[in-house]
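Single-letter residue listing:
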Amino acid sequence: MAEQNLKTLLTLKNLNIWYATERGESKAVNGLDLEILRGEIFGLAGESGCGKSTLITGVMRLTKLPAHVQSGEAIFHASRENGQEQVVDLLKLDPGAMRPYRWRNISYIPQSAMNVLNPVLKVEDQIADVIRAHSSMSKKEAQARIGDCLEMVGLSKKVALMYAHELSGGMKQRVTIAAAIVLKPDLLIADEPTTALDVNVQRVILQELTDIRERLGLTILYVTHDMAVHAQLSDRVGIMYAGGIMEVGKTSDVLSEPLHPYSQALVEAIPDIGGERRRIEGLPGAVPSPLNWPPGCAFHPRCKRMLPICQEKRPDLRELKPGRLVACHLYQ
Amino acid sequence: MRFLLSCWRTNSKFRVGIIILAVLIFIALIGPIIYTPLLKGNSPARPGSFARWMPPSLEHPMGTEGLGRDLLADYLAGLGTSLTIGFISGALATFLGITVGFFTGYKGGWVDAILTAIANMWMVIPAYPVLVALAMVMPTINIYTMSIVLALFSWPYSARTIHAQIVGMKQLSYVEMAKVSGQGDMAIIFTEIFPNLIPYLFMGFAFSTVGAMVSEVGLEAIGLGPANIVTLGLMINYANQWTAYSRGLYHLLLIPVGLLVLIFMSITLINRGMEEHVNPRLQTKTEK
Amino acid sequence: MFKRHPLLKYYLKKIVTYIVTIWGAFTIAFFLFRLMPSNPIDAWVKSLERQYSVKIDRGSELVDYYKEQFGLNGTLWEQYVRYLYNTFVKFDLGPSFINFPTPVQELLLARLPWTLALMGISILIAWVLGLLIGAAAAWFRTSPVSGWLTNISIVLSQIPPYLIAIFLVLFLGYTLKLFPTRGAWDAQYPVGLNWNFIQSVLWHSILPASAIIITSLAGWILSTRSLIVTILGEDYLMYAEAKGLSPWEIMTRYALRNALLPQTMGLALTMGFMMSGQLLIEMLFVYPGLGELMSRGIQVFDYNTMMGIIILSIFSVMTASLIVELTLPVIDPRIRKEIMS
């Protein structure tokens, strides 16, 4: 992939997504900034509970009460059929106005494919309905396209005529991938799609995703806690902690030379691919509660290199060198 | 108990139902204190105790009906007996249902198959005609025999609910654990399974109580109950006898029907409240 | 063979259960009635004695003759075997007592259309409305209107139809005099396929039908709502929304469609249960259906008529549930899979 002059696809600015709870607002996504470039695979990493999934539902406008988007922007550069680009803030759209962007521009591979397929509809019908909703393809064309996509993810065309319960977990996950690429969207969001699968299937599916990206030129936002997966797949990676981005950079750079103390702990904990998740060692204390993030830098209570300022002021995400951003007072 | 308390705290339907029912029970309990002096030694159901069709007065606050029975006394007494029949029959049906449901659900196998088959056969027989026939041939029926008869026709429903719950629970890991660790059947039933069934027992009880009262009122309303015991159903029957519709004697009809509706409503609200507490998805307001 | 054809095994099992349950329920009902301390002849003889102040010899030839006519001769066991044979082999339910000597099956056939039409149409109307309203209540479950609708339904669903019927008769029938309250048609019109008669039948059915519709509608609203609320929480609904399908499509093809299956089964079973008639409703409105026939039969302890209606009811309930159980694996791939494994 050419590394230079990539255009921006999605910019998140100061995004806040909170959950209203009985004990106050739980700030799952807390002042998050992020930029995703057209054509890349962007890896979003972070422990469970850091707000990854909340962030995704927010961008896709699927946030359900008690969660709500408190503030922020999600500037999206949607490609239109005439080849033009249309810039839109996804978070400002009415629910109805969001619909044309779904799947045509932003599609999604869910975390667990076990229950996302309607048990009483055939696979084909569940992909065809999205084609019907967003394009003017004829029924024949749609069927052909569905067959192609199924083959692209290593399934037989016959799967189109099967029901969800006739498929294995890996096959269901592949069906969701096929469904996600059927309209060649600008952005494909994948939410830990391989966690539920065994290691071999996982490896094959990752390879297929890489191939699909090459063939269709998609942009993929790939979310997983598994740094080893990012090492294999992602062009750039963002490290998320406590509802904010701590560090962003080319995957190889971040892995070889992590800057943020939290990234350093994460990288140290990388197991062999597919190996057991190891506890992040050398990190005292537990992940803080989103109800009450620590003041200043949210990471400071667990940080080995804490400065006095860390308790008071939240560090901005700053560009240290081209393409390398970090939110840490050590570098400011 | 703890279950009922937490229902009370979290569910408004449950609270409203309990309050209505408590008020009704309270009225039924203090009923005798009010109506004993009114009746001057007569029994509530005895015809000809007083003059006929008396207008409301201090002595007879709601007046009398066509056979000289004091209406207020009859409503109070009727409320009490109707509730009693409902509760006795509901408790009996629940007890029968639990016993059978427990036994079949936990043991499984042939016993289960046979008892379930019998319960199914019992359930497809329309209960109401049989009840009517029974009521006709049992001239000495009293509220207890009536409760038993009503319970005989509603136990399969609670048996089935309990059965399903037990079968589901048997597969839960903690029950498996207890089995593996060598606990006896009885110990498992009482320590591991029973506590989790409590909500369903209460729901079964509420359901059977309503069911028994519906049948009871149905029987009485067409004049097939015991004529010597005043129930709300019998009061509806009075109203029909005096052709309350066409003569404009609406109170004869509206009071017993209203009381019954209140009873059904309160028990249903309590039941629904418990259900929502166990399964929050049912709630009317799931989101803010 | 069953190992290789699990579906065949399932079908056979259901059909055997069907036959055994019908037989069992028939047997229970038979003995329930015979063991009650009364029978039509005794009841009749007693009422004759009361009416004419005469003493009738219980062992007289006339009484014996009638006992034989009604299948009351011989031991209880003989009576049972004979009745079982007549019912299931000869399809003969015996002569009725209330309308002697018309056979019970003829009486039933004459009453059946009234009950079928009144109950069947009311239940169907309630079902369709309940499905639509329940779906809307689930879809807009956060709105106060939906909350109130649900609460009202909860209360209505448990009130017996005859109490509702009493209210309807009182207010719409007697006070406002809007609708007729007795019978199924006006006697002034000839029975047949003429417009006046049909109009009169429809007009007379409004009150009894509303009583049935109101209570069962509440039940359908509640069950549909809770089914759809559950479905709306499923992953595949969120996925459908992410796919950008229109709300209408999500509601119909994803939520309603998946709720339709259990609700259709419920409808079939309710239809089966309607055969015993809403006895009280039919009595209250003097409606010439099976329920009203039943009440007349019970008054003189007419075994054959009572048993006839009960058998018809058992049969229709069981047949409805058999149909449901046999078609389920055909229409629901999940259940087919469960049976196959």
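Note that this is a predicted model, so its numbers are computed, not measured.

(A) Representation of the overall build of chain A within the structure. Within chain A, the secondary structure is distributed over nine helices and twelve strands. For chain A, the spread of C-alpha atoms along the principal axes amounts to about 65 × 45 × 45 Å. Taken across its 332 residues, chain A has 55% of its residues classed as buried. Pairs at least 24 apart in sequence give 66% of the contacts found in chain A among residues at least 6 apart.

(B) The arrangement of the overall build of chain C in detail. Each helix and strand counted, chain C has 14 helices and zero strands in total. For chain C, the succession of helices and strands along the chain, N to C, is α-α-α-α-α-α-α-α-α-α-α-α-α-α. When its C-alpha atoms are laid out on the principal axes, chain C stretches across 85 × 65 × 35 Å. Scored against the burial criterion, the 341 residues of chain C give a buried share of 50%. Sequence-distant contacts in chain C: of pairs separated by 6 or more residues, those separated by 24 or more amount to 73%. With an accessible surface of roughly 16,100 Å², chain C has 68% of that area assigned to carbon and sulfur atoms. Computing the positive centroid from 25 side-chain charges and the negative centroid from 20, chain C places the two 8 Å apart.

(C) Seen up close, the interface of chain B and chain C. Of the residues lining the interface, 43 residues belong to chain B; the matching set on chain C comes to 53 residues. Summing both partners gives a buried area of about 4,200 Å² for chain B against chain C, and 80% of it is carried by carbon and sulfur. Summed over the shared surface of chain B and chain C, the result is zero salt bridges. Linking chain B with chain C are three residue pairs in polar contact (both at pLDDT 80 or more), by the criterion used here. Where the side of chain B that touches chain C is concerned, the elements lending two or more residues are helix H4 (109–124), helix H5 (127–137), helix H9 (185–221), helix H11 (244–247) and helix H12 (250–278) of chain B.

(D) Geometry of unusual backbone geometry. Here the phi dihedral of A:Trp103 falls at roughly 65°; this positive angle occurs in a residue that is not glycine. Position of A:Trp103 relative to the elements: it lies in the loop between helix H2 (95–98) and strand S6 (106–109).

(E) Quick look at the pattern of salt bridges. Counting across every chain of the model gives 19 salt bridges over all chains. Between A:Arg38 and A:Glu85 there is a salt bridge, and its shortest N-O distance comes to 3.3 Å. Taken together, the residues span a long stretch of sequence, with A:Arg38 in the loop between strand S2 (24–37) and strand S3 (41–45) and A:Glu85 in strand S5 (residues 85–89) at a distance of 47 residues. For A:Glu85, a relative accessible area of 35% puts it in the partly exposed group. When salt bridges with common partners are traced through the structure, they connect A:Asp129, A:Arg132, C:Lys243, C:Glu249 and C:Arg253 into a single cluster.

(F) Expanded view of a nonpolar patch on the surface. Residue and element names in this part refer to chain B. Taken together, Trp8, Ile19, Val23, Phe26 and Ile27 make up a surface patch of nonpolar side chains, about 450 Å² in accessible area. Broken down by element, the residue count for the nonpolar patch peaks at four residues, all from helix H2 (residues 12–39). Note that Ile27 resides in helix H2.

(G) The arrangement of the side chain of A:Arg236 in detail. Relative to the assigned elements, A:Arg236 resides in strand S9 (residues 236–241). Apart from the residues lying within four places of it in its own chain, the contact partners of A:Arg236 are A:Glu35, A:Ile36, A:Leu37, A:Glu40, A:Ile41, A:Phe42, A:Gly43, A:Val248, A:Gly249, A:Lys250 and A:Thr251.

(H) Examining the packing of aromatic side chains more closely. Going through the model one piece at a time under the given rule, you end up with 16 aromatic pairs over all chains. With 5.7 Å between their ring centres and 10° between their planes, C:Phe26 and C:Tyr83 make a pair best called stacked. Of this pair, C:Phe26 sits in helix H1 (residues 6–35) while C:Tyr83 sits in helix H4 (residues 76–88), placing them 57 residues apart in sequence. According to the relative accessible area criterion, C:Phe26 is buried, its value standing at 1%. Taken together, the aromatic side chains of C:Phe26, C:Phe30, C:Phe31, C:Trp77, C:Tyr80, C:Tyr83 and C:Phe88 make up a single cluster linked through ring pairs. For the cation-ring pair, A:Lys27 lies above A:Trp18, with the distance from its terminal atom to the ring centre recorded as 4.9 Å. A cation over an aromatic ring shows up here: C:Arg34 above the ring of C:Tyr83, its NZ or CZ 6.0 Å from the ring centre.

(I) Main features of the pairing of S6(A). All names here are of chain A. Burial of the side chains of S6 extends over both faces: Ile106 and Tyr108 are buried on one face and Ser107 and Ile109 on the other. Sheet analysis places S6 next to strand S7 (residues 187–191), joined by four bridges and oriented parallel. Across the sheet, residue Ser107 finds its bridge partner in S7, namely Leu188.

(J) Broad picture of the sheet that holds S7(A). All names here are of chain A. One open sheet accounts for eight strands, arranged S6-S7-S8-S3-S9-S10-S12-S11; its pairing is mixed. Of all the strands in the sheet, the pair left with one neighbour each is S6 and strand S11 (318–321). Ignoring strand direction, the axes of neighbouring strands in this sheet form an average angle of 25°. The pairing of S3 with strand S8 (residues 219–223) spans four bridges and is parallel. Each bridged residue has a counterpart across the sheet, and for Gly43 the counterpart in S8 is Tyr222.

(K) Seen up close, the packing of helix H3 (residues 71–107) of chain B against H4(B). All names here are of chain B. For the pair H3 and H4, the least separation of the axes is 7 Å and the interaxial angle reads 140°. Considering the angle they form, H3 stands oblique to H4. At the point where H3 passes H4, the crossing takes the left-handed sense. Of the residues in H4, those in contact with Val100, Phe103, Thr104 and Lys107 of H3 are Gly109, Val111, Asp112 and Leu115. In the contact of H3 with H4, the residues fall into four nonpolar, two polar and two charged.

(L) Region of the structure containing the nonpolar core. Core analysis: the largest hydrophobic core is formed by 158 residues, its most contacted members being B:Ile236, C:Phe33, C:Leu163 and C:Ile228. Ranked by residue count, the leading element in this core is helix H8 (residues 195–232) of chain C, at 15 residues. Listed in part, the 79 residues of the second largest apolar core include A:Leu10, A:Ile36, A:Cys50 and A:Leu91.

(M) Fine view of the packing of helix H4 (residues 139–152) of chain A against helix H5 (residues 169–181) of chain A. All names here are of chain A. Where H4 meets H5, the closest approach of the two axes is 9 Å, and the angle between their N-to-C directions is 130°. When the axes of H4 and H5 are compared, the pair comes out oblique. For the element pair H4 and H5, the recorded crossing hand is right-handed. Taken together, the residues of H5 that come into contact with H4 (itself represented by Cys149, Leu150 and Met152) are Val175, Ala178 and Ile181. A per-class count over the contact of H4 with H5 returns six nonpolar, no polar and no charged.

(N) Fine view of the sheet that holds strand S4 (residues 67–79) of chain A. Residues and elements named next belong to chain A. One open sheet accounts for four strands, arranged S2-S1-S4-S5; its pairing is antiparallel. Strands with a single pairing partner mark the edges of an open sheet, and in this sheet they are S2 and S5. Going across the sheet, the axis of each strand differs from the next one's by a mean of 10°, ignoring polarity. This element, helix H1 (residues 52–59), spans strand S1 (8–21) and S2 of the sheet and lies at about 115° to S1.

(O) Spatial organisation of H9(B). All names here are of chain B. For H9, which comprises 37 residues, the first-to-last C-alpha distance of 47 Å sits more than 12% below the rise-based estimate of 54 Å (1.5 Å per residue). The sharpest bend along H9 measures roughly 55° and falls at Phe194, with the proline Pro195 sitting one to four residues further on. Residue Gly223 follows H9 closely and has a positive phi angle near 85°.

(P) Spotlight on the pairing of S3(A). Residues and elements named next belong to chain A. Across the five residues of S3, five count as buried, placing the element largely inside the fold. With four bridges connecting them, S3 and S9 associate as parallel partners. In the strand pairing of S9, Ala45 is matched with Ile239.

Reading guide: rules and limits
- Residues numbered from 1 in each chain as written.
- Chains lettered and ligands numbered in written order.
- Predicted model: local features only at pLDDT ≥ 70, side-chain atom pairs only at ≥ 80, totals over all residues.
- Heavy atoms only, no water.
- Helix = DSSP H or I, 4+ residues; strand = E, 2+ residues; numbered from the N terminus.
- Buried < 20%, exposed > 50% of the residue type's maximum accessible area, 1.4 Å probe, protein only.
- Contact = heavy atoms within 4.5 Å.
- Areas by Shrake-Rupley, 256 points an atom, 1.4 Å probe, with all protein chains shown as cover.
- Lys, Arg positive; Asp, Glu negative; His and termini not counted.
- Charge placed at Lys NZ, Arg CZ, Asp CG, Glu CD.
- Buried area = accessible area lost by both parts, 1.4 Å probe.
- Salt bridge = Lys/Arg side-chain N within 4 Å of Asp/Glu carboxyl O.
- Polar contact = N/O pair within 3.5 Å; in protein donor to acceptor, adjacent residues only side chain to side chain.
- Patch = residues over 30% accessible without salt bridge, like charges linked within 9 Å, V, L, I, M, F, W, Y side chains within 5 Å.
- Phe/Tyr/Trp six-rings, centres within 6.5 Å; stacked < 30°, edge-to-face > 60°.
- Lys NZ or Arg CZ within 6 Å of the ring centre and 35° of its normal.
- Pairing = 2+ DSSP bridges.
- Axes fitted to C-alpha atoms, helices over the stretch in contact; angles between N-to-C directions.
- Parallel < 35°, antiparallel > 145°, perpendicular 65-115°, else oblique.
- Left-handed = near helix turned anticlockwise from the far one by under 90°.
- Nonpolar A, V, L, I, M, F, W, Y, C, P; charged D, E, K, R; others polar.
- Core = buried A, V, L, I, M, F, W, Y, C linked by side-chain atoms within 4.5 Å.
- Expected span 1.5 Å × (residues − 1).
- Bend = angle between axes of the 7 residues up to and from the residue.

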